[in-house]
Amino acid sequence: MLVTCWYLYLAARSLAKQCKYCCSLNMASILQKLITPMSSGPPEPPRNKVTVVGVGQVGMACAISILLRELSDELALVDVMEDKLKGEMMDLQHGSLFLKTPKIVADKDYSVTANSRIVVVTAGVRQQEGESRLNLVQRNVNIFKHIVPQIVRYSPDCTIIVVSNPVDVLTYVTWKLSGLPQHRVIGSGTNLDSARFRFLMADKLGIHPSSFNGWILGEHGDTSVPVWSGTNVAGVNLQTLNPDIGTDCDEENWMETHKMVVDSAYEVIRLKGYTNWAIGLSVADLTESLIRNMSRIHPVSTMVKGMYGISDEVYLSLPCVLNSGGVASVVNMTLTDDEVAQLQASADTLWDIQKDLQDV
């Protein structure tokens, strides 16, 4: 009887082992059954990773514009608002079937941004009613003191595109806080102002914006400088057709077009509460030139000390050649004396704000 029980025990144990083996085979995951790995080691890191800091209206417009232009192999989103951040990430992930970006991630921890080539900064606080620009900038400086070191910690080789307003001053602040070379800290600057200018001018002329050539330089704001001396269509300089173009003496009042450029953001904000689509498309355009090493020329905010008689350390928009290294060079435009004076005045306006900033 004892022997029989012993054999029954051994048989049961053997059967249990067999069942366990069979179960382990059956329990192999679908992934393990479907895919046979051919290489070992960690996965390849992203080569064209883009991070967007801030998932507000502007940040998400930048993100979707970059995704739709198929510029990145990984998109990272960062914000302090965890629920909104997760919601935006999930919403984009659910559209992955229609995109060519294989990985979309998000976290409030900046480790999620590691190995980014481009970091787009849209975070910041809005100007309150009656608040001075200096106070607004100082509040944003305090935010950037947390953001910028984290960006550089995880992506020391990145190029930063600053979008937050006032963009020129905050680009200067980012440069100071980051320790990065100046050619790798870029402000979105007047790339959008120039796009608005080209649209409005082309609309009056009945042509496509790409067929009108014109530049807005200087501050992204009220003191921006329209380069009327360089406006042309198919190489035909408009100033040769109307020497008074852009002046108070101009009977056609083309100067009103620049006023519309300056007032554009205020008008859009009045109508819909914020601006986002045009700046998102503008930032994607800059990102493309950087990611694809295109050496295209854009009016973006860069360090201008020593140019056009400007002696202070300020960031202003000039025509810059953008490639994979950032700002490769600046085009020395032939400006009139009046345009140079306006550019210098624009620099003075920004320096008046910058010189009183604390902890930069």
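Each chain carries its own residue numbering, running from 1 in the written order of its sequence. Whole-chain, interface and lining totals are the exception, using all residues; otherwise, since this is a predicted model, local features are given only for residues with pLDDT of at least 70 and side-chain atom pairs are given and counted only at 80 or more. Values reported for side chains reflect all heavy atoms of the structure, with hydrogen atoms and water molecules removed beforehand.

(A) Region of the structure containing the packing of aromatic side chains. Geometry of aromatic contacts follows a simple scheme: Phe, Tyr and Trp rings, the Trp one being its six-membered ring, pair when their centres are within 6.5 Å, and the pair is stacked under 30 degrees between planes, edge-to-face over 60, tilted otherwise. What the rule picks out here adds up to 4 aromatic pairs. Ring geometry for phenylalanine 197 versus tryptophan 228: centroids 5.3 Å apart, planes at 80°, classification edge-to-face. Of the two residues, phenylalanine 197 is situated in helix 7 (residues 191-205) and tryptophan 228 in the loop between strand 9 (225-226) and strand 10 (232-233); the sequence distance between them amounts to 31 residues. One aromatic cluster is present, formed by Tyr172, Trp175 and Tyr315 through successive ring pairs. In this structure, lysine 204 is placed above the aromatic ring of tryptophan 254, and the distance from its NZ or CZ to the ring centre is 5.2 Å. Only DSSP runs of H or I covering at least 4 residues are called helices, and only runs of E covering at least 2 are called strands; the numbering of each starts at the N terminus. Over a ring means this: the NZ of a Lys or the CZ of an Arg is within 6 Å of the ring centre and within 35 degrees of the ring normal.

(B) Representation of helix 6 (residues 167-178). Here the expected span of a helix is defined as 1.5 Å times the quantity of residues minus one. Under the 1.5 Å per step criterion, the end-to-end length of helix 6 is 16 Å for 12 residues, consistent within 8% with the ideal 16 Å. Remark: exposure states derive from per-residue accessible area (1.4 Å probe, protein chains only) relative to the maximum for the residue type, with buried under 20%, exposed over 50%, and partly exposed in between. In terms of burial, helix 6 is a largely internal element, 10 of the 12 residues being buried. Inspection of helix 6 places Val167, Asp168, Val169, Leu170, Thr171, Tyr172, Val173, Thr174, Trp175 and Ser178 among the buried residues, and these make up the whole buried set. Once helix 6 ends, the next one or two residues include glycine 179, with phi positive near 75°.

(C) View of the environment of leucine 238. The topology assignment puts leucine 238 in helix 8 (residues 238-241). Setting aside chain neighbours within four positions, we find leucine 238 in contact with Met201, Leu205, Phe212, Thr231, Asn232, Val233 and Ile245. Contact definition: two residues touch when any of their heavy atoms are within 4.5 Å.

(D) Structural context of the side chain of aspartate 168. Tracing the sequence through the fold places aspartate 168 in helix 6. Residue aspartate 168 is classed as buried on the basis of its relative accessible area, which comes to 2%. Counting of polar contacts relies on pairs of N or O atoms within 3.5 Å, with two restrictions inside protein: one atom must be capable of donating a hydrogen and the other of accepting it, and residues adjacent in sequence are counted only when both atoms are side-chain atoms. Of note is the side chain of aspartate 168, whose polar atom sits 2.8 Å from the side chain of serine 301. In this structure, aspartate 168 is in contact with Gly189, Gly218, Glu219, His220, Ser301, Tyr315, Leu316, Ser317, Leu350 and Gln354, ignoring residues within four places of it in sequence.

(E) Highlighting the confidence of the model for the protein chain. For every residue, the predictor assigns a confidence score, pLDDT, that lies between 0 and 100. For the protein chain, per-residue confidence averages 92 on the pLDDT scale, and 91% of positions sit at 70 or higher. This model gives residues 21-25 a pLDDT under 50, and the stretch forms 1 contact once residues within four places in sequence are excluded.

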